[in-house]
Amino acid sequence: MASSRDDPLTFTNPSTSSPITVSDADSFLLDPNNIGSASGSFQNEGFLAALDGGGSSGSDAEFGFSRTEFRQSAIVGTVDYYERHVFLCYKNPQVWPPRIEAAEFDRLPRLLSAALAARKGGMKRQTRLTICEGHDGTETSNGDVLIFPDMIRYRRLTHFDVDTFVDEVLVKDGEWLPGSPEALRGVYIFVCAHGTRDRRCGVCGPAVITRFKEEIESHGLQGKVSVRSCSHIGGHKYAGNVIIFGSHSKGEVTGHWYGYVMPDDVPFLIEQHIEKGEVVDLLWRGQMGLSEEDQKKCQDLRLRANGGANLENSSKDSTETKDVIATASQSQTEINGCCQANGSSPCCQSSDANLNGNAKFTAEKKKSSKRQISQTHSGKGSCTRKVCTMPTWFESWEREDTYAALAVLSAAVSVGIAYNCYKQLQ
């Protein structure tokens, strides 16, 4: 049910994850028809969470990973199409109101949200705005703006500069003269922990973030991978919700969304998605730059390329699934990925940064990570995880690279011949 910008209250249909128009969404898609966020964007538990800090340990059965709805819905194709993601670093989830981008006393998010909405028709790329955690004196201070897939950061945006910033950077695709853009490197992970908006995110998000931080440190990925909390991104019922931004082997930046992520799934995501650049389809919701239908087609292509069946057709229980996952993980080096067999498919542009060689897993850690994603599909059985392998350096070798190599080789041969002739004339 849509509403105008003047309507302060807007309810959503909890049975769908499609964006709808709302007046003060804290994460919204900037296109002419959809300014809002996904399912459950206005729920009573969000207001309850504001009273108790977003949940407690006793809330797990109702709002956490043990809730009855957990992993009961198919999640692929639940990311609405968009082409650019803007994150405004601002305070932290403990002080975010349920509707931070319409909050009277949070002037910067409110003005940035209004400016983006007013100029959405002039933008060349459909843009989503989300708030992420910011702390002064750290890598991401209050007022910093992170932009993906551009992989740039602007420092210390103030409410005085909002209109100019939006016009120059997001509408004209230029640079904001008061500040110079800084290049972002590595992998950026965002986890929804907006507990005042929805209790499920408030309970699940912090636990997932804590585990990510532990795994990043234990695997020596500091400075290469960063994780931070963010505001509502759509799809409360899929909590924990995770977005991972990084570049694949050809340098193109992708943004992958995962849902139903538990703390025990984090080691496998680190190993498969970040270390190996392989999509974890069991938890995959979709990605930036693909329509909902293309997301489904992309996953189906990966599964067929890897010899897998549709995830929804599996009837194995959770114990059997762990064994299947381990077997699938061990055989991944023996199969050809979809990206190698179907180079023109949008699926083939979905692998994130490959950090192989930056951190090594011990045999014990590998064994543990392979059995992490346990299923809780009551009455629906469990799903087999399939992943899409990335092309090797040789398979991703560009024609231009070949020509350049041949030119260098020819030049070297010519120099050698000329030198021999010179020696003979002496």
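What counts, and at which threshold
- Residues numbered from 1 in each chain as written.
- Predicted model: local features only at pLDDT ≥ 70, side-chain atom pairs only at ≥ 80, totals over all residues.
- Heavy atoms only, no water.
- 1 Å grid on protein atoms, 1.4 Å probe; cavity = no way out; pocket = protein on both sides within 12 Å on 5 of 7 lines; lining within 4 Å.
- Points joined across faces, edges and corners; volume = space filled by probe spheres on them.
- Helix = DSSP H or I, 4+ residues; strand = E, 2+ residues; numbered from the N terminus.
- Nonpolar A, V, L, I, M, F, W, Y, C, P; charged D, E, K, R; others polar.
- Salt bridge = Lys/Arg side-chain N within 4 Å of Asp/Glu carboxyl O.
- Axes fitted to C-alpha atoms, helices over the stretch in contact; angles between N-to-C directions.
- Parallel < 35°, antiparallel > 145°, perpendicular 65-115°, else oblique.
- Left-handed = near helix turned anticlockwise from the far one by under 90°.
- Contact = heavy atoms within 4.5 Å.
- Core = buried A, V, L, I, M, F, W, Y, C linked by side-chain atoms within 4.5 Å.
- Buried < 20%, exposed > 50% of the residue type's maximum accessible area, 1.4 Å probe, protein only.

## A look at the layout of surface pockets
For step 1, the next point in the chain: In this model, the largest pocket occupies a volume close to 340 Å³.
For step 2, the next point in the chain: For the lining of the largest pocket, the secondary-structure elements that each account for two or more residues are β7 (187-192), α5 (199-218) and β8 (225-230).
For step 3, the next point in the chain: Of all the elements, β8 adds the most residues to the lining of the largest pocket, at 5 residues.
For step 4, the next point in the chain: Partitioning the lining of the largest pocket into residue classes produces 6 nonpolar, 7 polar and 7 charged.

## Some remarks on the pattern of salt bridges
For step 1, the next point in the chain: Scanning the entire structure with this criterion turns up 22 salt bridges.
For step 2, the next point in the chain: A salt bridge links aspartate 136 to arginine 156; its shortest N-O distance comes to 2.8 Å. A residue pair is termed long-range when its members are at least 10 positions apart, and aspartate 136 in the loop between β3 (127-132) and β4 (145-148) and arginine 156 in the loop between β5 (152-154) and α4 (162-171) qualify at 20 residues.
For step 3, the next point in the chain: Arginine 211 is paired through a salt bridge with glutamate 215; the nearest N and O atoms lie 3.0 Å apart. One end of the pair is arginine 211 and the other is glutamate 215, both in helix α5 and 4 residues apart, which spans about a single turn.

## Regarding the packing of helix α3 (residues 107-118) against α4
Two packed helices can be described by the angle between their axes and the distance between those axes.
For step 1, the next point in the chain: Packing of α3 against α4 brings their axes to within 9 Å, and their N-to-C directions diverge by 45 degrees. As judged from the angle between their axes, α3 and α4 are oblique. Crossing of α3 against α4: the hand is right-handed. Along its contact with α3, which presents Leu108, Leu111, Leu112, Ala115 and Leu116, the element α4 presents Val162, Asp163, Val166 and Leu170.
For step 2, the next point in the chain: Classifying every residue of the contact of α3 with α4 by side-chain character gives 8 nonpolar, no polar and 1 charged.

## Points about the nonpolar core
For step 1, the next point in the chain: Grouped together as the largest cluster of nonpolar side chains are 56 residues, with contacts concentrated most on Phe148, Ile189, Phe190, Phe212, Val242, Phe245 and Tyr258.
For step 2, the next point in the chain: Secondary-structure elements contributing two or more residues to this core are β2 (84-89), β4, β7, α5, β8, β9 (242-247), β10 (253-258) and α6 (266-275).
For step 3, the next point in the chain: Sequence-distant contacts of phenylalanine 212, that is, excluding residues within four places in its chain, are made with Ile189, Val191, Val227, Val242, Val266, Leu269 and Ile270.

## Considerations on the environment of lysine 237
For step 1, the next point in the chain: Assignment of secondary structure puts lysine 237 in the loop between β8 and β9.
For step 2, the next point in the chain: Taking the C-alpha atoms as reference points, lysine 237 and cysteine 201, separated by 36 residues in sequence, lie 8.5 Å from one another.

## Some points on unusual backbone geometry
For step 1, the next point in the chain: Along the chain, phenylalanine 148 connects to proline 149 via a cis peptide bond; the corresponding omega equals 10 degrees.
For step 2, the next point in the chain: Structurally, proline 149 can be placed in the loop between β4 and β5.
For step 3, the next point in the chain: Following alanine 239, the chain continues into glycine 240 via a peptide bond in cis, with omega recorded as 0 degrees.
For step 4, the next point in the chain: Position of glycine 240 among the secondary structure elements: in the loop between β8 and β9.
For step 5, the next point in the chain: With a phi angle near 55 degrees, arginine 156 is a residue other than glycine that sits in the positive phi range.
For step 6, the next point in the chain: Residue arginine 156 is classed as partly exposed on the basis of its relative accessible area, which comes to 45%.
For step 7, the next point in the chain: Positive phi values are uncommon outside glycine, yet aspartate 173 reaches one of about 55 degrees.
For step 8, the next point in the chain: Examined against the element boundaries, aspartate 173 turns out to sit in the loop between α4 and β6 (182-183).
For step 9, the next point in the chain: Exposure remark for aspartate 173: the relative accessible area of 36% places this residue in the partly exposed category.

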